[in-house]
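# Geometric and topological summary
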Amino acid sequence: MYSAMITSPACKHIMNIKSKEKQLKRVCDLSKVKTRPDIGRKYFIINRKPISSSTYEGLIDKLYDYFLGDNAATMETHFNTWMEWRENETSVSRKTLKENRFMWNSLLIDQDITLIPLKHLTAKDLIVYFRNITKGRQMTRKRFNDLKSIMSGILYLAVEMIS
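Rules used in this analysis
- Residues numbered from 1 in each chain as written.
- Predicted model: local features only at pLDDT ≥ 70, side-chain atom pairs only at ≥ 80, totals over all residues.
- Heavy atoms only, no water.
- Core = buried A, V, L, I, M, F, W, Y, C linked by side-chain atoms within 4.5 Å.
- Buried < 20%, exposed > 50% of the residue type's maximum accessible area, 1.4 Å probe, protein only.
- Helix = DSSP H or I, 4+ residues; strand = E, 2+ residues; numbered from the N terminus.
- Contact = heavy atoms within 4.5 Å.
- Phe/Tyr/Trp six-rings, centres within 6.5 Å; stacked < 30°, edge-to-face > 60°.
- Lys NZ or Arg CZ within 6 Å of the ring centre and 35° of its normal.
- Polar contact = N/O pair within 3.5 Å; in protein donor to acceptor, adjacent residues only side chain to side chain.
- Pairing = 2+ DSSP bridges.
- Axes fitted to C-alpha atoms, helices over the stretch in contact; angles between N-to-C directions.
- Parallel < 35°, antiparallel > 145°, perpendicular 65-115°, else oblique.
- Nonpolar A, V, L, I, M, F, W, Y, C, P; charged D, E, K, R; others polar.
- Expected span 1.5 Å × (residues − 1).
- Arc of directions from axis to C-beta.

### Focus on the nonpolar core
Core analysis: the biggest nonpolar cluster contains 23 residues, and Tyr129, Leu147, Ile150 and Met151 have the highest contact counts within it. Those elements giving two or more residues to this core turn out to be α3 (75-89), α4 (94-108), α6 (123-134) and α7 (141-162). Sorting elements by how many residues they give to this core places α7 first, with seven residues. Dropping the residues within four chain positions of it, Met151 is found in contact with Met75, Leu108, Ile113, Leu126, Tyr129 and Phe130. Of all hydrophobic cores here, the second largest spans 11 residues; its members include Ile17, Ile46, Ile60 and Leu63.

### A short note on the packing of aromatic side chains
Applying the stated criterion to the full structure yields four aromatic pairs. Judged by centre distance (5.4 Å) and plane angle (80°), the rings of Phe130 and Phe144 are edge-to-face. Placement of the pair is Phe130 in helix α6 and Phe144 in helix α7, with a sequence separation of 14 residues. Residue classification places Phe144 among the buried residues on the basis of a relative accessible area of 16%. A network of ring pairs unites the aromatic residues Phe79, Trp82 and Trp104 as a single cluster. A cation over a ring is seen here: Lys20 above Tyr64, with NZ or CZ 5.1 Å from the ring centre.

### A word on the environment of Trp82
Structurally, Trp82 can be placed in helix α3. Measuring from C-alpha to C-alpha, the distance between Trp82 and Gly40 comes to 42 Å, with 42 residues separating the pair along the chain. In this view, Trp82 contacts Asn100, Ser149, Ile150, Gly153, Ile154 and Leu157; residues no more than four positions away in its chain are not counted. Only 3.4 Å separates the side chain of Trp82 from the backbone oxygen of Gly153, close enough to count as a polar contact.

### Considerations on the sheet that holds strand β3 (residues 49-53)
The strand order across the open sheet built from three strands is β1-β2-β3, with neighbouring strands paired in antiparallel fashion. The outermost strands of the open sheet, each flanked by one partner alone, are β1 (34-35) and β3. In the sheet, strand β2 (residues 42-46) pairs with β3 via five bridges, with the strands oriented antiparallel. Bridge pairing in β3 places Ile46 opposite Lys49. Along the sheet, helix α2 (residues 56-68) contacts β2 and β3; its crossing angle with β3, the most-contacted strand, is approximately 135°.

### Topic: the packing of α3 against α4
The relative placement of two packed helices comes down to the angle between their axes together with the axis-to-axis distance. Direction vectors running N to C along α3 and α4 enclose 175°, while the axes themselves pass 11 Å from each other. Comparing the axis directions of α3 and α4 gives the class roughly antiparallel. Every residue of α4 that contacts α3 at Met75, Glu76, Phe79, Asn80, Trp82, Met83, Arg86 and Glu87 is listed here: Arg94, Thr96, Leu97, Asn100, Arg101 and Trp104. Split into classes, the residues belonging to the contact of α3 with α4 amount to six nonpolar, three polar and five charged.

### Section: helix α1 (residues 8-24)
Between its first and last C-alpha atoms α1 spans 24 Å; for 17 residues at 1.5 Å apiece the expected length is 24 Å, and the two agree. Within the sequence span of α1, burial applies to Ile17, Lys20, Glu21 and Leu24. One face of α1 carries all of its buried residues, which in axial projection span an arc of 105°. α1 presents Ser8, Lys12, Met15 and Lys22 as exposed residues on the side facing more than 90 degrees away from its buried surface. Buried residues belonging to α1 abut α2.

Written out as structure tokens, the structure reads:
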């Protein structure tokens, strides 16, 4: 009677693909996905290099890994992981965690420096960022050092996780 029902794992898979599609639409144009007429493979060209898969879902997974996976990890993608790690693995106080989250939300979230993929982040990027935020002496030394500590903590943990 209900042979056409979607099972829970199938529903989860569909939701996962739709979520990845939504995130990918921010960084690439999925309308440019093409199908090879001879073998039916789906492909997408990035910088004259094709990424292909036998299924659309497989191609979405590959594009997600390329654009948003570990290779494209940013400080922003690692922030929550770092906060969880600090809460579970260190003796940091709740007050410090709360202050760090406040500082992240007020000074770092959606900033260019936190959106650069870590594999492309250079010392020059950090120097330029720090010079820009400190000119005009708008920030206290303590606040600046707290900001650097947050960024350094995220970067150190990212290096440990990737290695």
